[in-house]
Each structure stands twice: as C-alpha cells, then as structure tokens.
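Architecture at a glance
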Amino acid sequence: MKAVFEKARAWIELDEKALRNNIEILRKLLPEGGRLIPAVKANAYGHGNAFITRVMQDAGITDFCVACVDEAVEMRENGIKGDILILGYTNPAQFDLLYKYNLIQTAVDFSYAEEMSKYGKPLRVHIGIDTGMHRLGEPAENIDRLREMFFMENLHTEAALTHLCASDSDAPSDIEFTNMQIDKFYHTIDTLRKEGCEIPKLHLQASYGLLNYSELAADFARVGIAVYGMKTARNDYDKFNTDAELRPVLSLKARVSSVREIKAGESVGYGLAFTAERDMKIAALSIGYADGLPRALSGGVGKVLINGERAPIIGRVCMDQTIVDISGAAEVCAGDTAVIIGKSGNDEISAYEIAEDAGTITNEILSRLGTRLTRVML
Ligand SMILES: *Cc1c(COP(=O)(O)O)cnc(C)c1O
C-alpha cells in the first residue's frame, strides 16, 4: 500500500479511522430507527467513491445518495447493492438506466413526475417537496398536484423529502426560516397522508440539518460534508459543537519535483508574475489546478507545508505544477513531500484554510479534487 503513494506525483491519503469515527458521531444524532444515507456524489466529495463506500459498507451503511444517474450506475458497476437515491435531475432519455440498475429517482417537480409516469415501467421514486429553497421539489403549497404525484401510474413512491437551505446558521432569521421549512414539510406530509397518500419514509436533513436540528423525526439523514469530517466553513453554526469530535478524512499531498536557486531580479512562472527581490530557493511541485488546487492561490495567497515549514506559492498555479518559495524551509530535495491539506511537523493546513484563501467553501475545494490524483486509504 505504501508503494502506491511512494510513486505518486500527487495523492490523497484517506484516514479510515477518522471516517469510522465520523459515522459513529453522526449516528448518535439520529432519532430512534433513523439511518444515514451518506451523500457520496462528486466522487464522494473528491475523496474517492469506491474507497469511501467500501469503508461505509463495512461500518454498516447500505444506502447512499448521489447527484446524477452516471454516478449511481458507476457505483452499481462497482458492486454496490443497496439503495442509491439520485438527488438531482435525470434526463427522461436515461430512465432506462433507472429501471435497469434499480435506482431511486427524486421527482423534482410535478411535470417531471408525469414524465416518469409516461416511461411506462415501474420506477422507484422519492417525491421532492419545495419548502422554501426554490431549487427542486414541487412547491408545498400545491397540495392537489402533490397528491396527484402519489397516485401516478408506474411511480413506486418510497419516500418524500425536502431540503433545508439555511440550517447552517444561527442568525435568528435563518433559524426562523428553517423552522418554517420544517413545519411546512410535516404539515404537508400530514395533509397528504390524511388525503390517502401512502408516504412510507421521510427525510429532510443534510449535514447541518442533522447537526443543528437533530431532534427531527426522520427516517434518513443525507449527510455529506460532515461525514468527511468537515463543516462547509470554519465558523458555521454547530449547535452542539459536534465538529470538535469530527475528524477530517482527507489529506492532499504532492511530490517536490525540482529544487533550484534564483537570483534577485529573476522571475518565476507564466507571465513572469513573480520576481525575486532577493536570492532565494524555490521548488516545483507536481500538482496544479487540473488536480483541483485552486488557481486563486497564486501569487502568495496559498501556502503548502514542506518538512513542517510553510512555503508560499509564488507566481501562477499552473495546470499540472505549482512553484513555492522554500527559502524559509530547511533542506528540501526533489522527491520530498509537500502537504497541501493536512499535517506536517507541528503545523497543519486545513481544507478551511485553503477554502478561505481561495474565497470559497470546503465542499468546493474537496469535490473538485481531480481524478488524476492517486488515492490511498490508510
Ligand atoms: C449534496 C446534498 C446533500 C448533502 O449535503 P451536505 O451539506 O454536504 O451534508 C443532502 N441533500 C441534498 C439534496 C444534496 O444535494
């Protein structure tokens, strides 16, 4: 196993113990009988779907959610047998794949449910209800249309869901909005059930829904970012400080490919964007923006760790390579490891720090980590 990343140019190390820890922490928040159906879309938030689902299955998780049908098909082809819920849109021309691979499709609104019904063969469905996010789901106000969806021919409806879009905040207005969404969801479900709709299961919580509204009655929690041991942003609301116990699963590392000295006045990289003010030592790293290292980290914005020392990125991040200033680091040689996300010596660069430097959230940094990276579960 070690050999895998000894050869790699850039790689991800996955911490199996951290993943198992996070699963246990989140499970404790579930109501009696509730289950995690982790979001493993976007290659399990960049971690590597096959690695992550293998450990999750070993930890007793059977069911998953993804964003699109291709992700679901790939998981089936990798031998995942449990339920796979597609949260996003599947083109009606691909309904055959839903049927063939026994996948569950979210009915994203009324007319989409009609399309599904027209397919002519039974399809497994979770009905989406829009309670205020206004992205997917039939608006909760449209009770007549919602009722009709439950009785459509060929739709095998197994659950209803909604999505909370402000549950990551403790601003009073956001808490009020979230409580409105929650009330609207349960009220809609009650009304539909009274009108004869059979709704076997319910779910409404993603990571923050579970962390901050863990008291809700639901059958599934669609946890994404939290199961990978992160919040979306460092200071996001976390009612019970659960994140103190969550541990990041992923570290990102790259090989030092070349070390050189440059003289004051010499420039570095594309566009000669960096010019040395003094003689200095620099290193090229074999990772670039095509691997998911944001180009926004160019020009000293981002740093990496080499042998426990911080080395600022100089010049522009390239597609496949990045140049760093190692003047402040002890002896660095080609073949050494640069830590982009993770610990080195006594220092650590977290996905929070990268996200903040790049002006985005951890979800984006992680989910964009490329397929070219070698992944290894430790
Ligand atoms: C991506 C997604 C999730 C998981 O979200 P996290 O905030 O990462 O936990 C849950 N539900 C839906 C509908 C999603 O699109």
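Model, not experiment: these values are computed from the prediction.

Looking only at helices and strands, the chain features 12 helices and 20 strands. Rg of the C-alpha trace for the chain: 23 Å, near the compact-globule value of 21 Å for 378 residues, within the 12% margin. For the C-alpha atoms alone, the extent of the chain along its principal axes is close to 80 × 45 × 40 Å. Expressed as a percentage of its 378 residues, the buried residues of the chain come to 54%. Counting contacts in the chain only where the partners sit at least 6 residues apart, residues at least 24 apart contribute 65% of the total. Separation between the mean location of the 42 positive side-chain charges and that of the 54 negative ones in the chain comes to 5 Å.

The next subject is the environment of Phe110. Inspection of the secondary structure assignment puts Phe110 in helix H7 (residues 110-118). Phe110 sits 37 residues away from Arg147 along the chain, and the two C-alpha atoms are 10.0 Å apart. Contact partners of Phe110, with chain neighbours within four places excluded, come to Glu138, Arg145, Glu148, Met149 and Met152.

Here we come to the confidence of the model for the chain. Per-residue pLDDT for the chain averages 97, and the proportion of residues at 70 or more is 99%. Within the chain, helix H1 (residues 2-7) has the poorest average pLDDT of any element, 70, and strand S4 (residues 84-86) the best, 99.

Turning next to the layout of surface pockets. Size it by volume and the largest pocket reaches roughly 820 Å³. Lys41, Met133, Arg135, His163 and Ala206 are, among the 38 residues lining the largest pocket, the residues nearest its centre. For the lining of the largest pocket, the elements supplying multiple residues, two or more each, are helix H3 (41-45), strand S6 (123-130), helix H10 (207-212) and helix H12 (362-367). Its residues assigned to classes, the lining of the largest pocket shows 16 nonpolar, 16 polar and six charged. Mapped onto the lining of the second largest pocket, the elements with two or more residues apiece are strand S1 (10-14), strand S11 (250-262), strand S18 (337-344), strand S19 (347-349) and helix H11 (351-358). Looking at the lining of the second largest pocket residue by residue, the classes come out as 13 nonpolar, five polar and eight charged.

The next point concerns the nonpolar core. Counting residues in each nonpolar core, the largest one holds 115 residues, and the members touching the most others are Leu26 and Ile306. Those residues in contact with Leu26, other than ones at most four positions away along the chain, are Leu36, Leu210, Leu211, Val223, Ala226, Val227 and Leu246. Membership of the second largest hydrophobic core comes to eight residues, among which are Phe274, Met280, Ile314 and Ile323.

Attention now goes to the site of the ligand. In the neighbourhood of the ligand, 13 residues make up the surrounding shell, with Lys41, Tyr45, Ser207, Gly224 and Ile225 lying closest. In this structure, an oxygen atom belonging to the ligand sits 2.5 Å away from a side-chain N or O atom of Ser207. Contact between the ligand and Gly224: an oxygen atom at 2.8 Å from a main-chain N or O atom of the residue. Alone, the ligand offers 390 Å² of accessible surface; in the complex the protein occludes 86% of this. For the shell around the ligand, a count of residues per class yields six nonpolar, four polar and three charged.

Under the counting rule described, the total for this entry stands at 22 salt bridges. A salt bridge links Arg310 to Asp347; its shortest N-O distance comes to 2.7 Å. Placement of Arg310 in strand S16 (residues 309-314) and of Asp347 in strand S19 is noted, with a sequence separation of 37 residues between them. Since its relative accessible area comes to 23%, Asp347 is described here as partly exposed. One salt bridge connects Arg368 with Glu364, and the closest N-O pair in it is separated by 2.8 Å. Given the relative accessible area of 55%, Arg368 is considered exposed. Since its relative accessible area comes to 31%, Glu364 is described here as partly exposed. Residues participating in the shared-partner salt-bridge network are Arg9, Asp291, Asp320 and Arg372.

This brings us to helix H5 (residues 69-77). For H5, the set of buried residues is Val69, Glu71, Ala72, Val73, Met75 and Arg76. Looking at the buried positions of H5, the neighbouring elements they touch are H3, helix H4 (49-58), strand S3 (64-66), S4 and helix H6 (95-100). Backbone geometry just after H5 places Gly79 at a positive phi near 95°.

Our next topic: the environment of Ala107. Relative to the assigned elements, Ala107 resides in strand S5 (residues 104-107). Separated by 48 residues in sequence, Ala107 and Leu155 place their C-alpha atoms 9.5 Å apart. Discounting residues that sit within four places of it in the chain, Ala107 has contacts with Tyr112, Ala113, Val125, His126, Ile127, Gly128 and Met149.

For helix H9 (residues 172-194), spanning 23 residues, the distance from its first C-alpha to its last is 33 Å, which sits close to the expected 33 Å at 1.5 Å a residue. Residues of H9 that are buried: Thr178, Gln181, Ile182, Phe185, Thr188, Ile189 and Leu192. Tucked inside the fold, the buried residues of H9 contact S6, helix H8 (143-150), strand S8 (155-161) and strand S9 (201-205). Count one or two residues on from H9 and you reach Gly196, which has phi positive near 95°.

The next thing to look at is the packing of aromatic side chains. The tally for this structure, following the rule as stated, stands at six aromatic pairs. Ring plane angle 85° and centroid distance 6.1 Å describe the contact between Phe95 and Tyr119, whose orientation is recorded as edge-to-face. Highlighted residues: Phe95 in helix H6 and Tyr119 in the loop between H7 and S6, separated in sequence by 24 residues.

Conventions adopted
- All residue numbers refer to position in the chain's written sequence, counted from 1.
- Restriction of local features to residues with pLDDT of at least 70 applies here, the model being predicted, together with a cutoff of 80 or more for giving and counting side-chain atom pairs; totals for whole chains, interfaces and linings are based on all residues.
- Side-chain measures were taken over the full set of non-hydrogen atoms in the model, leaving aside hydrogen atoms and water.
- Every helix listed is a DSSP run of H or I at least four residues long, and every strand listed is a run of E at least two residues long, numbered separately from the N terminus.
- We take the radius of gyration over the C-alpha atoms and set the globule estimate at 2.2 Å times the residue count to the 0.38 power.
- The buried label applies to any residue whose accessible area, calculated with a 1.4 Å probe on protein chains only, is under 20% of its type's maximum; exposed applies above 50%, and partly exposed to all values in between.
- Two residues form a contact once any of their heavy atoms are found within 4.5 Å.
- Charge assignment: positive for Lys and Arg, negative for Asp and Glu; neither His nor the chain ends contribute.
- Every charge is mapped to an atom, namely NZ of Lys, CZ of Arg, CG of Asp or CD of Glu.
- Scored between 0 and 100, pLDDT is the confidence that the predictor attaches to each residue.
- Residues are said to line a cavity or pocket when one of their atoms sits within 4 Å of a point; the points come from a 1 Å grid over protein atoms alone, cavities being sets where a 1.4 Å probe fits but cannot get out and pockets being open sets with protein on both sides within 12 Å along at least five of seven lines.
- Grid points are joined across faces, edges and corners, and a volume is the space filled by probe spheres set on the points.
- Gly is put with the polar residues, along with every residue not named as nonpolar or charged; the nonpolar set is Ala, Val, Leu, Ile, Met, Phe, Trp, Tyr, Cys and Pro, and the charged set is Asp, Glu, Lys and Arg.
- In plain words, nonpolar cores are sets of buried Ala, Val, Leu, Ile, Met, Phe, Trp, Tyr and Cys residues tied together by side-chain atoms within 4.5 Å.
- Here a residue is considered near a molecule or strand provided that any single heavy atom belonging to it is located within 4 Å of it.
- Contacts described as polar in this section are N or O atom pairs within 3.5 Å, which, within protein, must combine one atom able to donate a hydrogen with one able to accept it, while residues neighboring in sequence count only if both atoms come from side chains.
- With residues, only the protein chains shown are counted as cover, and all accessible areas are computed by Shrake-Rupley using a 1.4 Å probe.
- Whenever Lys or Arg places a side-chain nitrogen within 4 Å of a carboxyl oxygen from Asp or Glu, that contact is recorded as a salt bridge.
- Multiplying 1.5 Å by the residue count of a helix minus one yields the expected span of that helix.
- Working definition: rings of Phe, Tyr and Trp (its six-membered ring) pair if their centres are within 6.5 Å, and the pair is stacked with planes under 30 degrees apart, edge-to-face with planes over 60 apart, and tilted otherwise.

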